[in-house]
Amino acid sequence: MQIEASLWNASWATDGGRMQISLSYAPFEARYRGFDVARCSVDKSSDMNQCYASHYWWNEVKKFRVKEMELSFTQGRWRYEQWGGFDPLSSNNAKPPGVELWAVFDVPQSLVDVYWRNLTHTLSGLFCASINFLESSTTYSAPELTFKPSFGNLRYGTLPREAVCTENLTPWLKLLPCRDKAGLSALMDRPSIYRGFYHSQRLRLTSSESGSDEVDSGIGLEQTLTVVLQPSSWRTGKTYSVETNIQPSWSISSIFGRNIPGKCVIAKSSNVYLHLDNGLVGELKNLERENAKYVANTFESEGFQSNHAFKISVTPDKVFEEVDYLHGKSTSVIYGFSVEKYSDSQPFDLGLTWKIPVVWSCQQAPLHASRFLMGSGNERGAIAISLESTESSEGLPTSHIIDGRCELRVDIFQVVPWYIKVYFHTLQVFVDKQPRAMADVVDKIRVSPSKDKVSPGVMEMILKLPCGSKSAAFSLEFDKGFLHIDEYPPDANQGFDIPSALISFPSFNARMNFSEDEFLNNSPILSKFQETSPVLSYTEVLLIPLTTPDFSMPYNVITITCTVFALYFGSLLNVLRRRVDEEERILRSRAGRKAGWISQLLSRLSAKLRGRPQEQPTSSLPYSFISFRLVLKILLVASIAVTWQYYFG
């Protein structure tokens with residue numbers, strides 16, 4: 001078993017005068033080949049918990065026949081216009097809000113859905129989340145055009161409203177070699193992470209089998225934590241005024257409230273990388289040219305720690321600069337720091353202090369994608385996707401030439417719930433605010449209409465946009481369906497979520513090009529940055545209101561029904577249990593109390609003179625009248641019962 005703990009990457013971006021630090025933490029990349037649980041007790045240098053956890057994942061991959069899988073928990077939305085969307089960090093690690101899960105299975109197509117349901121239940125128990133809701137066929141789909149070829153064995157599902165908390169982070173940390181007790185993972189302070197603007201934890205798993213005896217078989221587990229934080233000094237307003245659009249000074253201790261005590265003892269390597277975006281590097285070079293006083297190159301090896309723009313508190317061990325990036329444009333720089341030489345007595349605390357105010361913007365994706373709703377009312381509406389060029393003066397960047405025409409390829413993948421009845425024939429295309437024929441722009445399209453309570457609606461499009469275009473827009477009309485009262489969530493009046501649409505640009509690659517170096521081959525994250533992958537971008541989650549019933553009506557019906565039953569049975573029991581003699585006695589006592597004291601005195605005097613006992617006063621109501629009242633009550637109760645049974649029975 002080979003374990004390597006790495007890496008931490010930081011970049012900066014401005015947002016309305018405030019500073020965000022984007023941290024990509026990929027602390028654990030493990031590969032297990034020919035795994036045997038007996039080795040856990042033989043190899044004394046390995047952690048027992050980590051060894052058995054590795055064995056568990058090995059068994060789960062073999063059980064569910066997972067070829068490739070990715071699971072992400074995200075809180076917040078990645079702001080592409082402020083934090084960038086072209087570099088590998090933002091393109092690969094920026095995820096939609098909530099839970100996103102996709103998996104490729106090495107089984108026949110007829111068994112894919114069965115293995116998918118079993119996988120969702122297992123992941124739900126492991127990460128204390130509601131991933132088991134993805135077992136329903138109404139929540140997942142099978143994309144074909146926008147994802148890499150999987151021969152129909154790919155399943156994709158999202159839960160936009162899933163809340164992310166420490167219950168999901170703790171199982172994720174348990175997969176690390178030293179958990180959150182040592183190494184880079186010691187920075188994972190829960191309050192520091194969850195007070196950030198954005199955080200996303202990702203788990204990617206790949207498996208391979210190159211031999212029939214499974215000796216060369218193995219799985220690769222990659223974990224990434226992406227966080228956008230604010231330095232504590234900037235939150236308290238001690239460094240710069242919030243009205244200025246500049247970058248504050250920061251350090252690891254000011255961001256997380258703790259330092260790095262050294263590397264994990266069972267990790268092969270532990271490194272920290274500081275990434276300066278190409279926009280920042282270009283701005284620093286422009287300032288250098290304007291100021292003739294600083295003639296030395298800012299990025300020479302002698303001036304890394306201290307220069308005219310900023311000062312780094314720790315001397316970097318390695319410096320990497322991109323080569324031939326975007327045909328001569330400004331290149332980004334990465335500083336490498338090894339954590340192995342630090343300990344508890346001398347912790348690692350990287351910091352950066354700005355000497356002059358510097359303003360720059362991160363490089364964005366070729367097109368800025370946004371999605372919104374049109375229309376009003378609870379009956380119908382429309383979904384619109386807008387693509388705006390990020391190169392306002394030059395139009396869309398040149399992609400490649402096909403049949404003598406310069407075209408930019410854009411792939412769109414969108415899933416809508418089954419209760420949103422999308423009319424795909426109403427697709428309208430606009431290029432530079434002018435309507436265009438669908439055949440002129442849409443190269444391929446795959447549509448899977450939704451089925452009531454069975455499957456969602458899926459639309460995949462491959463677009464070919466002219467390179468000189470400044471904008472493009474697409475719209476689809478839909479009707480809103482009706483749900484059964486049992487299908488409404490507890491907060492139905494808040495609205496229903498439509499998952500984020502995935503926009504990819506296969507013509508552009510989110511990668512970094514470095515010169516040949518032996519260290520690059522031994523670094524997982526730098527090797528990952530050099531892999532060729534398309535630029536990805538996610539749109540907003542749409543909140544759509546549906547017609548909701550009056551949920552208080554069942555309560556009102558139950559209340560009035562219970563009231564009628566109480567009156568009915570109360571009167572019936574009162575009539576059946578009352579005795580006639582008892583009623584006559586009560587009437588006599590009432591008549592006696594109504595008689596005057598003079599008549600009572602005369603009655604006593606007459607009884608003494610005649611030598612007879614005094615007679616009790618009789619009731620003024622005859623017995624026949626009492627019997628008539630009793631019969632009338634019984635008839636009244638009986639008529640009420642018959643009426644109730646006739647109308648409500």
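Worth saying up front: this structure is predicted, and the values here are computed from it rather than measured.

Visitor: I'd like a description of the overall build of the protein chain, backed by residues and values.
Guide: Check the secondary structure of the protein chain and you find 17 helices and 28 strands. Scored against the burial criterion, the 649 residues of the protein chain give a buried share of 46%. Considering only intrachain contacts with a sequence separation of at least 6, the fraction spanning at least 24 residues in the protein chain is 75%.

Visitor: Explain the nonpolar core to me, using residue names and the numbers behind them.
Guide: Ranked by internal contacts, the top residues of the largest apolar core, which has 65 residues, are Met69, Ile131, Phe310, Phe337, Phe348 and Leu350. At 5 residues, the largest contribution of residues to this core is made by strand β9 (residues 218-229). Formed by 42 residues, the second largest nonpolar core is a distinct cluster that contains Phe424, Val442, Tyr488 and Ile498.

Visitor: Break down the state of the cysteines for me, with residues and values.
Guide: Between two cysteines, a covalent bond joining their sulfur atoms is known as a disulfide. Counting across every chain of the model gives 1 disulfide. Residue pairing for cysteine 178: its cysteine sulfur links by disulfide to cysteine 264, the two sulfurs lying 1.7 Å apart. In this structure, the disulfide formed by cysteine 178 and cysteine 264 twists by about 65° around the S-S bond and is classed as right-handed. In this pair, cysteine 178 sits in the loop between α6 (166-174) and α7 (190-194) while cysteine 264 sits in the loop between α9 (252-256) and β11 (271-276), placing the two residues 86 residues apart along the sequence.

Visitor: Go over the pairing of strand β7 (residues 154-159), please, and point to the residues and values.
Guide: Most of β7 sits out of view: 6 of its 6 residues are buried. Both faces of β7 are covered, namely the face carrying Leu154, Tyr156 and Thr158 and the face carrying Arg155, Gly157 and Leu159. Sheet topology places strand β5 (residues 98-105) next to β7; 6 bridges connect them, and they run antiparallel. Bridging from a neighbouring strand, alanine 103 pairs with arginine 155 of β7. With 2 bridges connecting them, strand β6 (residues 140-141) and β7 associate as antiparallel partners. Across the sheet, serine 141 pairs through a bridge with tyrosine 156, a residue of β7.

Visitor: Give a detailed account of the sheet that holds strand β15 (residues 351-354), specifying residues and quantitative values.
Guide: Reading across from one edge, β10-β15-β12 is the order of the 3 strands in this open sheet, with antiparallel pairing throughout. Where the open sheet ends on each side, the last strands, each with one partner, are β10 (250-251) and β12 (310-312). Two elements, β10 and β15, share 2 bridges in a ladder whose sense is antiparallel. Among the inter-strand pairings, serine 251 is bridged to a residue of β15, identified as glycine 351.

Visitor: Describe the pattern of salt bridges, and please don't skip the residues or the numbers.
Guide: Applying the stated rule across the entire model yields 22 salt bridges. A salt bridge links glutamate 540 to arginine 77; its shortest N-O distance comes to 3.5 Å. Of this pair, glutamate 540 sits in the loop between β27 (534-538) and β28 (542-544) while arginine 77 is found in the loop between β4 (66-75) and α3 (80-83), placing the two residues 463 residues apart along the sequence. With a closest N to O distance of 2.9 Å, arginine 155 and aspartate 113 form a salt bridge.

Visitor: Explain the sheet that holds strand β21 (residues 434-436) to me, and be specific about the residues and the numbers.
Guide: Across the sheet, 5 strands lie side by side as β16-β17-β24-β20-β21; this open sheet has antiparallel pairing. Each edge of the sheet is formed by a strand with only one pairing partner; in this case those strands are β16 (367-374) and β21. Here the strands of the sheet are splayed against their neighbours by 30° on average, with no regard to which way each runs. Pairing of β16 with strand β17 (residues 380-389) involves 8 bridges; the strand directions are antiparallel. The residue bridging arginine 371 from the neighbouring strand is isoleucine 385, located in β17.

Visitor: Mind laying out the confidence of the model for the protein chain, listing which residues take part and the relevant values?
Guide: With 75% of its residues at a pLDDT of 70 or more, the protein chain shows a mean pLDDT of 78. Within the protein chain, β5 carries the highest mean pLDDT (95), whereas strand β1 (residues 2-4) carries the lowest (37). Note on residues 392-398: pLDDT is under 50 here. Beyond four places in sequence and across chains, it has 20 contacts.

Visitor: Tell me about the packing of aromatic side chains, and name the residues and values.
Guide: Tallying each qualifying case throughout the model produces 20 aromatic pairs. On the numbers, 6.0 Å between centres and 50° between planes, the contact of phenylalanine 337 with phenylalanine 348 is tilted. Of this pair, phenylalanine 337 sits in strand β14 (residues 333-338) while phenylalanine 348 sits in the loop between β14 and β15, placing them 11 residues apart in sequence. Comparing phenylalanine 337 with phenylalanine 348 shows no difference in burial state: the two are buried. Between tryptophan 418 and tyrosine 419, the aromatic rings sit 5.6 Å apart at their centres with planes inclined by 75°, giving edge-to-face as the arrangement. Members of the aromatic cluster, each reached through a chain of ring pairs, are Trp418, Tyr419, Tyr488, Phe496 and Phe551.

Visitor: Requested: an account of helix α10 (residues 278-290), with residues and values cited.
Guide: Its 13 residues place the ends of α10 18 Å apart at the C-alpha level, agreeing with the 18 Å of an ideal helix rising 1.5 Å per residue. Where α10 is concerned, the buried positions are Asn278, Leu280, Val281, Gly282, Leu284 and Glu288. Its side-chain oxygen at 2.9 Å from the backbone nitrogen of glycine 279, aspartate 277 defines the N-terminal cap of α10.

Visitor: So what's going on with the side chain of serine 249? Residues and values would help.
Guide: Here serine 249 shows up in the loop between α8 (232-236) and β10. Within the structure, serine 249 has its side chain in polar contact with the backbone nitrogen of tryptophan 354 (distance 3.2 Å).

Visitor: I'd like a description of unusual backbone geometry, backed by residues and values.
Guide: What you tend to see is this: most non-glycine residues have negative phi, and most peptide bonds are trans. Backbone geometry places arginine 65, a non-glycine residue, at a positive phi of 55°. Relative to the helices and strands, arginine 65 is located in the loop between α2 (48-64) and β4. Notably, arginine 179 is not glycine yet its phi reads approximately 55°, a positive angle. Among the structural elements, arginine 179 can be located in the loop between α6 and α7. Taking relative accessible area as the criterion, arginine 179 reaches 34% and is therefore assigned partly exposed.

Visitor: Before we move on, could you go through a nonpolar patch on the surface and cite the residues and values that matter?
Guide: The grouping of Met438, Ile445 and Val447 at the surface amounts to a nonpolar patch, some 220 Å² of accessible area in total. Along the chain, isoleucine 445 turns up in strand β22 (residues 442-448). Owing to a relative accessible area of 39%, isoleucine 445 belongs among the partly exposed residues under this scheme.

Visitor: Residues and numbers for the environment of tyrosine 423, please.
Guide: Here tyrosine 423 lies in strand β20 (residues 420-431). Exposure remark for tyrosine 423: the relative accessible area of 33% places this residue in the partly exposed category. Linking tyrosine 423 and leucine 476, residues 53 residues apart in sequence, is a C-alpha distance of 6.7 Å. Among all residues touching tyrosine 423, those that are not within four sequence positions of it are Leu476, Glu477, Phe478 and Asp479.

Calculation notes
Residues numbered from 1 in each chain as written. Predicted model: local features only at pLDDT ≥ 70, side-chain atom pairs only at ≥ 80, totals over all residues. Heavy atoms only, no water. Helix = DSSP H or I, 4+ residues; strand = E, 2+ residues; numbered from the N terminus. Buried < 20%, exposed > 50% of the residue type's maximum accessible area, 1.4 Å probe, protein only. Contact = heavy atoms within 4.5 Å. Core = buried A, V, L, I, M, F, W, Y, C linked by side-chain atoms within 4.5 Å. Disulfide = S-S within 2.5 Å. Pairing = 2+ DSSP bridges. Salt bridge = Lys/Arg side-chain N within 4 Å of Asp/Glu carboxyl O. Axes fitted to C-alpha atoms, helices over the stretch in contact; angles between N-to-C directions. pLDDT = per-residue confidence, 0-100. Phe/Tyr/Trp six-rings, centres within 6.5 Å; stacked < 30°, edge-to-face > 60°. Expected span 1.5 Å × (residues − 1). Polar contact = N/O pair within 3.5 Å; in protein donor to acceptor, adjacent residues only side chain to side chain. Patch = residues over 30% accessible without salt bridge, like charges linked within 9 Å, V, L, I, M, F, W, Y side chains within 5 Å. Areas by Shrake-Rupley, 256 points an atom, 1.4 Å probe, with all protein chains shown as cover.

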